[in-house]
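One letter stands for each residue in the lines below.
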Amino acid sequence: MVETLIQRNTRKFKAPDFYAGSGNVYFLLPFRFHRLNDRKEVLVNEVGDHLVVPTGTAARIVQRKLRREDEAELYGDLIAGFFIAEQQLPPLIDVLATRYRTKKSFLDQFTSLHLFVITLRCEHTCHYCQVSRVTSNKDEFDMRYEHINKGIDLMLRSPGEYLTMEFQGGEALLAFDKIVYAIERTKPLALEKGKQMTYVICTNLAVLDEDVLAYCQANNVLLSTSLDGPGFIHNQNRRRPGNNSYELTIKGIEMARQWLGPGNLSALMTTTNLSLDHPLAIVDEYFQQGFRSIFLRPISPYGFALKNEKKNKYEIERFITFYKTALQHILNYNRDGEFFREEYATIILKKILTPFPVGYVDLNSPAGSITNAILFNYDGAVYASDESRMLAESGDYTFRLGHLDTHDYEAVFYGEKAQELADVMVNEALPGCSECAFQSYCGADPVHNHATQGSVWGYRPTSTFCQKNMELIRYLIELMDSDPQVKQIFEGWVSQRRAS
Amino acid sequence: MIFRAKGIPLHINELLVGIITRNPEKQGEQLIFIGDAAPYGDYLAILSCAPASYTGLPTVFNISSLDHLADGDIVSIGPDGIVRTVYRTNSFYNTILATERCNSNCLMCSQPPKDKNDIPYLFELYRRVIPLIPKDCVELTVSGGEPTLMGERFFELLELITRELPDTEVHVLTNGRSFAWDHLAERLARIDNPRLMLGIPVYADYYQVHDHIVQARGAFDQTILGLHNLARHGIRLEIRVVLHQQSIPRLTRLARYIFKNLPFAEHVTFMGLEYTGYTPHNIEQLWIDPYDYNNELTEAVEFLAGQGMHVSIYNAQLCVMPERLWPYARKSISDWKNDYLPACESCSKLDDCGGLFTWNLKKCSAYIQPLSA
Ligand code: SF4
Ligand code: SF4
């Protein structure tokens, strides 16, 4: 209303120049850049908005060689996009602050994903699995009631309103009675504390039956399964007596869809050496089985010959090639008018294209371990993540945060171990990452660093985590920039309107 | 549309505000009777087309026609004998003109601002009109000029509307600049009307372009800050974009800017240019045939809609835009609308089309052509 006090002398119209800032002085807002290819580079601002520009632009901006009169469009893009400002304290700095707060607001909910390794028993003998046991010894390998109770108590201490309780194995359904026990115990307590629960069972579906499905249907329990590709890949990866894992999985998928509806069943794939040779067949298999998304899960560090840099580099290069081939194939489905998306790309694209927080455990800063997810092992030990307990299976207890018998909520989530980890969970403060243009799209993964490089800090130039993410992010941006149709498809993948 | 009539006043010493009736059975001190024979009864005033005669009540005689007034309409009568329609009971588009003053001066303003202080008069007028408006009024627009220039009286007016018309959708058209001062956004939020929505124009993602279009330095920054303050206080917001030569070049960028920086907007509307007010004067720098911005408009609309935002297009002709945009085209936003060209008569989409503003018949797309069934 200050404006009303100013007496207006004339309502004569003025030319655009009148409204430009004075002079050619501009200030830099925090942004980073990365070379896309020979001709282009990408600028990324503090809240993850990006701008693709000709090579050399970042240098010219920094050297103050940019002149509004000569490059009005670029200049406008840079001001509008929070890359530069004409005042030392830009008038819209609060908007930038709000956006930053929004991007990081996945932290507000703190730990939401609670993994319960309800049993270690399994009827499969997958060759890449270090953890499960083919045994009938329930006493030794199932989670004990007192540990379930204690885990639920810790879970409900989370400040978050929306909590996910996910049952893993082994094969979780071998301990279905304990799952039912855990859910039934949680229900009234969650209600009392005002928590909205999502229940998920991870299962290979081999021992799925109608009792299980009826319970899941009645209690809105989601099923998450594994499908590695067509039969010859899946059965090779997932050994079991009878060599019929694939057939059982497909049958289970059909049954689960009938009972629960297609939206309540998801599938994950694990990339193995064999998979790397068959990107197209794997994508086709998912499409044919009626899935409209596929998660080309980045190969886990345990697929690597840990700590052998040369071999790791080679492996990850193979994975990147595999990923790109598969992604192009998925894009072709979209070009033909199908909606079919790749989940890892979608997570990254959400960070690139939307203003919303994206809380994906493996690609967050601060890292998703503890701040987003926690794992209660079958034996009562508490770990920072699924990978952490796998390390523990091979005798490495670095990421063991405590035990349900001896540690309370504070000791687990704010204890010494958690605090030590916090130092290396923020990629804004990690060497290499701190200047990286893709920092806000990427994350910190101390567990991966430790497992592959022997240091929770990690060393970016030889990090397979970095190698993979840097190239995939670069590739996604390059694709969007070079092909408007791909950009449109990607914008469709991140749309809020689509079921996630 | 006729909003004004004039006659010879008798016994009218101050502004009178009342409801029109032609029914002699109805009486009341809020009613204004229309008729040539003076009835006996309790009325606020009489309006008559007949020559002056004695009525015993405040009367305006000799009015050439009163056919534009329906029973239930609300009018004001001044000592000068001018009868103004302020509320039309049969219309969905009633507007409260808060002030004709404005702190911007948009190149394409359809109701060019005036620098006179009309606020005390208009506030007094609407303070009396609002309680008379039927309680089932569906929608009321508060417009200007810039309504927030009323200062505290702007909020008092909205409080009155909220109290008197709790079921009415209230749509305030403001440039939003005042809400850069957070205490004003907070003041608005205190009114706590869930049916209140602010329509605020954003014409570009880059301040220089927006400020030039609205002819006010600093306007863009104030509007964006205002939008953020309003959103933080939970006010419902619509973003309005007028399509013309100055706004089109950055339109697709604007769409992405809105999604990233203003995702809380409940509605984004794109509007064709109106050939009235300042527009004819500035037509050289405003005109672009709507046909020639179809690419930009399609990308902007489909991007925002694709991200789940609610998008509409107003003041646009179906035959000029690609068919994929038809689902977003809304028919009409005022009583001035719905004129058609001779070509439209044979068009199969006549009933669905927004047609043209009366004044746009003079300046419209060269690509208008009847659609076949
Ligand atoms: S890991 Fe690599 S790509 Fe990711 S932020 Fe760090 S330096 Fe960038
Ligand atoms: S011809 Fe007339 S009625 Fe038909 S779409 Fe065009 S403008 Fe609308």
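Note that residues are indexed from 1 along each chain, following the sequence as it is written. Here chains are named by letter from A upward and ligands by number from 1 upward, in the order in which they appear as written. Confidence filtering applies because this is a predicted model: local features only for residues at pLDDT of at least 70, side-chain atom pairs given and counted only at 80 or more, and all residues used for totals across whole chains, interfaces and linings. Side-chain metrics rest on all non-hydrogen atoms present in the structure, leaving aside hydrogens and water.

In the annotation of an unreviewed UniProt entry, chain B is listed under the name His-Xaa-Ser system radical SAM maturase HxsC and assigned to Mucilaginibacter robiniae. UniProt positions are given in the numbering used here, feature names are shortened, and annotations may be inferred rather than shown by experiment. Under the UniProt heading Cofactor (unreviewed entry), the note attached to chain B is "[4Fe-4S] cluster".

An unreviewed UniProt entry lists chain A under the name His-Xaa-Ser system radical SAM maturase HxsB, with Mucilaginibacter robiniae given as the organism. Taken verbatim from the UniProt record of chain A, the Sequence similarities (unreviewed entry) comment is "Belongs to the radical SAM superfamily. Anaerobic sulfatase-maturating enzyme family." Quoted verbatim from the Cofactor (unreviewed entry) heading of the UniProt record, the comment on chain A is "[4Fe-4S] cluster".

Caption draft 1: Representation of the interface of chain B and chain A. By definition in these notes, contact holds between two residues if any of their heavy atoms fall within 4.5 Å. Tallying the contact residues gives 46 residues for chain B and 42 residues for chain A. By salt bridge we mean one thing: a side-chain nitrogen of Lys or Arg within 4 Å of a carboxyl oxygen of Asp or Glu. Linking chain B with chain A are five salt bridges. Taking the shortest distance from any N to any O, the salt bridge between E491 of chain A and R256 of chain B comes out at 3.0 Å. Each polar contact in these results corresponds to two N or O atoms within 3.5 Å; when the atoms are within protein, one needs to be able to donate a hydrogen and the other to accept it, and residues that are neighboring in sequence are counted only if both atoms are side-chain atoms. Seen at the junction of chain B and chain A, the total is 15 residue pairs in polar contact (both at pLDDT 80 or more). Here a strand is any run of E in DSSP of at least two residues, a helix any run of H or I of at least four, and the numbering for each starts at the N terminus. Top element by residues in the side of chain B that touches chain A is helix α6 (residues 251-261) of chain B. It accounts for six residues. For this scheme, ten residues count as nonpolar: Ala, Val, Leu, Ile, Met, Phe, Trp, Tyr, Cys and Pro. Four count as charged, namely Asp, Glu, Lys and Arg, and the remainder, Gly too, count as polar. Considering only residue class, the side of chain B that touches chain A consists of 19 nonpolar, 16 polar and eleven charged.

Caption draft 2: Inspection of the domain arrangement of chain A at higher detail. Just so you know, the domain bounds were taken from an automatic or database domain assignment. Along its sequence, chain A is carved into domain 1 (25-90) and domain 2 (108-327 + 357-418). The straight-line distance from the C-alpha centre of domain 1 of chain A to that of domain 2 of chain A is 42 Å.

Caption draft 3: Quick look at the sheet that holds strand β3 (residues 40-45) of chain A. All names here are of chain A. As summarised here, the arrangement of the three strands in space is β2-β3-β4, forming an open sheet in which the pairing is antiparallel. At either margin of the open sheet sits one strand with a lone partner, and together these are β2 (31-35) and β4 (50-54). For this sheet the average axis-to-axis angle between neighbouring strands, irrespective of direction, equals 25°. One requirement defines pairing of two strands: DSSP has to find at least two bridges between them. With five bridges connecting them, β2 and β3 associate as antiparallel partners. In this analysis, axes come from line fits to C-alpha atoms, helices being fitted only over the stretch in contact, and the angle between any two N-to-C directions falls in the range 0 to 180 degrees.

Caption draft 4: A look at empty space enclosed by the protein. Throughout, the protein atoms alone are placed on a 1 Å grid, and a set of points is a cavity if a 1.4 Å probe fits but cannot get out or a pocket if it is open with protein on both sides within 12 Å along at least five of seven lines; lining residues have an atom within 4 Å of a point. Grid points are joined across faces, edges and corners, and a volume is the space filled by probe spheres set on the points. With the rule as written, the count across this model stands at four cavities of 30 Å³ or more. If you go around the largest cavity, you meet 21 residues; those closest to its centre are K103, K104, E428, Q439 and S440 of chain A. For the lining of the largest cavity, the per-class residue count stands at eight nonpolar, seven polar and six charged. Taken together, domain 1 (25-90) and domain 2 (108-327 + 357-418) of chain A each give at least three residues to the lining of the largest cavity, which thus spans both. Counted as a void, the second largest cavity has a volume near 200 Å³. If you go around the second largest cavity, you meet 21 residues; those closest to its centre are G272, P290, Y293, N315 and Q317 of chain B. Along the lines of polarity and charge, the residues of the lining of the second largest cavity split into 13 nonpolar, seven polar and one charged.

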